[in-house]
Amino acid sequence: MGVADNGHLMIGGCDAVELAKTYGTPLYVMDEARIRSNCRQFQLAFKELPMPARAYYASKAQSNLAIARLVYTEGMYMDCVSAGEMYTALQAGVPGQRLALHGNLKTRDELMMALENDVGQIIVDGFDDLTLLIELARAAGKKASILLRLRPGIDAHTHQSIQTATLDCKFGFSLYDGAAMKAVRMALEAQDCIELMGLHCHIGSQIFETQPYALAADSMCEFIAQIGRDTGTWLKTINLGGGFGVAYTPQDDPLPIAYMVRCAGEAVVQAASKHGLDYLPQIEFEPGRCIVGDAGVTLYTVGADKDVPGVRHYVALDGGMADNPRVALYGSVYTPLIANRVRDAADGHYALVGRCCESGDVLVKDACMPAPKVGEVVALMTTGAYHASMASQYNRLANPAAVLVKDGKARLISKRPTLDDIIAYDRLPEDL
Ligand code: LLP
């Protein structure tokens, strides 16, 4: 991303104003080179680790055919949480063996789909999940490779809704009430159809520090040692989940991917030795946000300007909480730019609001920026993760189209629904 001599925002060599003209707004723009380089940072960091390592792209951050294919070509495995995410990855050409299936509620059909496609890793989240998987795998004559998801009681410093390893949390088996050990024994007793590979723990998302990963590594190695002593089985895989943060504003200062990976690797080495393992387990990550987050920009057109003197200056954009629910959900803060005059100095404070019919439909509550004019294109930066994937059709707004840009070329990767598409799933009962 950069700025052209004429002050226009450039993404992947494409002029953002031209993209808005060609594809309409709101528009999700994804920078291919940035996604590739984010993936490569993992692969390069892995080469320096003393143990085998893998990264599963958490496709909930953004799931579509093009992104799945792209990250797969960069050596990523893929984390899926639904039939839809698995199907997307498989249709993009990602082999089942490279997939992991997650979720605190996997349906019978989803588990069957995973078994039929030889999904490489199933992350078991609870006793019902394990019981059902054993039943299905046994009946199908398959052997499922699993990790057990743990809830070790780690408090990552992030928004409450995206913390996932605290004690009061719906995910995983607790380490403190015997549940995790009971699950281990249950898996080991089903060796005809279950292969227990290791343990999983995802501590949360948008994390800017290394210490919670070290705590997770320590807990997992301690538990591996306990399992080894109690059962004679020594688990070979530790999955530390995702969570690496990205910068939404200049105040955010995420640690480089390579540094996070190196620290996690060192933590596993230390924890393995502290707890008496005589080998280094394979280390796995599930990054979503840090793969696609900073590669995405959303373009909007300014549609209305309403100054309420002494109160607030509202500027309405042609999207809103339907294409970006993160502000309403988490109070997220974004950096807006005016795409045709990025270098202009700020001259006031504006509330960038969307077009949905509720007052909570805000994109940037207090943007300090040059006055946006009706007709201009506003770009919201760092919108590649959890935007398209969390979009809704509220107010029957058409979801934005998405383009993938590289070397001055844009390719459509998700089309904007037409009005007919919007009603395509409606059915009008004949007796109405
Ligand atoms: N692995 C598991 C088991 C997860 O639950 C998640 C995210 C990830 C990996 C990927 O985490 P990441 O690297 O993207 O931080 N909608 C929220 C984020 C929810 C994250 C859910 N789980 C947001 O927009 O901030």
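On a predicted model such as this, the values are computed, not experimentally measured, just so you know.

Looking now at the pattern of salt bridges. For the structure shown, the criterion picks out 18 salt bridges. Across the salt bridge formed by Lys-274 and Asp-218, the nearest N and O atoms sit 3.1 Å from each other. One end of the pair, Lys-274, is in helix 9 (residues 257-274); the other, Asp-218, is in helix 8 (residues 211-231), and 56 residues separate them in sequence. For Lys-274, a relative accessible area of 57% gives the class exposed.

A separate point is the site of the ligand. Taken together, 18 residues lie near the ligand, and Ser-205, Glu-286, Arg-326, Tyr-330 and Tyr-386 sit nearest. Side-chain polar atom of Lys-60 to an oxygen atom of the ligand: 3.4 Å apart, as the coordinates give it. Within the side chain of Ser-205, one N or O atom sits 2.3 Å away from an oxygen atom of the ligand. For the ligand, the protein covers 92% of the area, taking 580 Å² as the surface of the free molecule.

Another aspect to go through is the state of the cysteines. In protein chemistry, a disulfide is the covalent bond that joins the sulfur atoms of two cysteines. Inspection of every chain in the model, using the stated rule, returns zero disulfides. Residue Cys-201 stays outside any disulfide, its sulfur separated by 9.5 Å from that of Cys-169, the closest cysteine. We note that Cys-356 lacks a disulfide partner, and the nearest cysteine sulfur, in Cys-357, lies 7.2 Å from it. Cys-356 sits in the buried class, given a relative accessible area of 8%.

Our next topic: the packing of helix 2 (residues 32-47) against helix 9. The interhelical angle for the contact between helix 2 and helix 9, taken along N-to-C directions, is 35°, at an axis separation of 9 Å. Of the two elements, helix 2 crosses helix 9, and the hand of that crossing is right-handed. In this structure, helix 2 uses Asn-38, Gln-41, Phe-42, Ala-45 and Phe-46 to contact helix 9, whose residues at the interface are Ile-257, Ala-258 and Val-261. Partitioning the contact of helix 2 with helix 9 into residue classes produces six nonpolar, two polar and no charged.

General note: in soluble globular proteins, nonpolar side chains tend to be found buried as a group. Ranked by internal contacts, the top residues of the largest apolar core, which has 111 residues, are Ile-35, Phe-42, Ile-146 and Leu-240. The greatest single-element share of this core, amounting to nine residues, is contributed by helix 8. With near-sequence residues (within four places) excluded, Leu-240 lies in contact with Cys-201, His-202, Tyr-213, Ala-216, Ala-217, Met-220, Ala-264, Val-268, Ile-283, Glu-284 and Phe-285. Core analysis: the next-biggest nonpolar cluster, separate from the first, contains 19 residues, Leu-9, Leu-299, Ala-339 and Met-381 among them.

Criteria and thresholds
Residues numbered from 1 in each chain as written. Predicted model: local features only at pLDDT ≥ 70, side-chain atom pairs only at ≥ 80, totals over all residues. Heavy atoms only, no water. Salt bridge = Lys/Arg side-chain N within 4 Å of Asp/Glu carboxyl O. Helix = DSSP H or I, 4+ residues; strand = E, 2+ residues; numbered from the N terminus. Buried < 20%, exposed > 50% of the residue type's maximum accessible area, 1.4 Å probe, protein only. Near = heavy atom within 4 Å. Polar contact = N/O pair within 3.5 Å; in protein donor to acceptor, adjacent residues only side chain to side chain. Areas by Shrake-Rupley, 256 points an atom, 1.4 Å probe, with all protein chains shown as cover. Disulfide = S-S within 2.5 Å. Axes fitted to C-alpha atoms, helices over the stretch in contact; angles between N-to-C directions. Left-handed = near helix turned anticlockwise from the far one by under 90°. Contact = heavy atoms within 4.5 Å. Nonpolar A, V, L, I, M, F, W, Y, C, P; charged D, E, K, R; others polar. Core = buried A, V, L, I, M, F, W, Y, C linked by side-chain atoms within 4.5 Å.

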